[in-house]
Amino acid sequence: MPKRLRFTRRLNIALSEDAYRRLRKFSDEAGITQDEALCFLFENFGSVTDDDALPHRLRLFKAELEDRKK
């Protein structure tokens with residue numbers, strides 16, 4: 001029997017416009033709400049990310065972070 005999906009934690013998050021558009025596109029394509037999409041992504045983080053590419057993408061993001069904040 002599948003686990004019951006209960007939203008027990010609420011949080012306000014800030015997203016870039018690109019991240020928000022990508023979240024909306026993903027949830028629309030999957031036929032689920034944005035809350036459900038975020039739950040899916042974080043509950044399955046290890047299997048939906050590429051272990052080899054993630055550290056590289058994170059380094060690139062962090063290198064650009066200060067410039068993106070301006």
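These figures come from a predicted structure and were not determined experimentally.

Any chance you could explain a nonpolar patch on the surface here in plain terms?
On the surface, Leu 11, Ile 13, Leu 15 and Tyr 20 cluster together into a nonpolar patch covering about 380 Å² of accessible area. In this fold, Leu 11 is placed in the segment before α1 (17-30). Given the relative accessible area of 62%, Leu 11 is considered exposed.

Explain the packing of aromatic side chains to me, please; I cannot follow it from the model alone.
The description of an aromatic ring pair uses the distance of the two centres, along with the angle that the planes make with each other. Inspection of every chain in the model, using the stated rule, returns one aromatic pair. Between Phe 26 and Phe 40, the aromatic rings sit 6.2 Å apart at their centres with planes inclined by 25°, giving stacked as the arrangement. Here Phe 26 is found in helix α1, whereas its partner Phe 40 is found in helix α2 (residues 34-43), with 14 residues between them in sequence.

In this structure, what is going on with the confidence of the model for the protein? I would like to understand it.
This prediction gives the protein a mean pLDDT of 91; 100% of its residues lie at or above 70. Element-level pLDDT for the protein is lowest in helix α4 (residues 53-69), with a mean of 91, against a maximum mean of 96 in α1.

What is the right way to read the pattern of salt bridges from this model?
Opposite charge on two side chains permits them to pair, given that their charged atoms come into close proximity. For the coordinates displayed, the defined rule picks out two salt bridges. One salt bridge connects Asp 18 with Arg 21, and the closest N-O pair in it is separated by 2.7 Å. Note that Asp 18 and Arg 21 are positioned in helix α1 at a spacing of three residues, about one turn of the helix. For Asp 18, a relative accessible area of 54% gives the class exposed. Residues Glu 66 and Lys 69 are paired through a salt bridge, measuring 3.7 Å at the closest nitrogen-oxygen approach. Of this pair, Glu 66 and Lys 69 are both found in helix α4, three residues apart, which corresponds to roughly one turn of the helix. The two residues Glu 66 and Lys 69 agree in class, both being exposed.

Thresholds applied
Residues numbered from 1 in each chain as written. Predicted model: local features only at pLDDT ≥ 70, side-chain atom pairs only at ≥ 80, totals over all residues. Heavy atoms only, no water. Patch = residues over 30% accessible without salt bridge, like charges linked within 9 Å, V, L, I, M, F, W, Y side chains within 5 Å. Areas by Shrake-Rupley, 256 points an atom, 1.4 Å probe, with all protein chains shown as cover. Salt bridge = Lys/Arg side-chain N within 4 Å of Asp/Glu carboxyl O. Helix = DSSP H or I, 4+ residues; strand = E, 2+ residues; numbered from the N terminus. Buried < 20%, exposed > 50% of the residue type's maximum accessible area, 1.4 Å probe, protein only. Phe/Tyr/Trp six-rings, centres within 6.5 Å; stacked < 30°, edge-to-face > 60°. pLDDT = per-residue confidence, 0-100.

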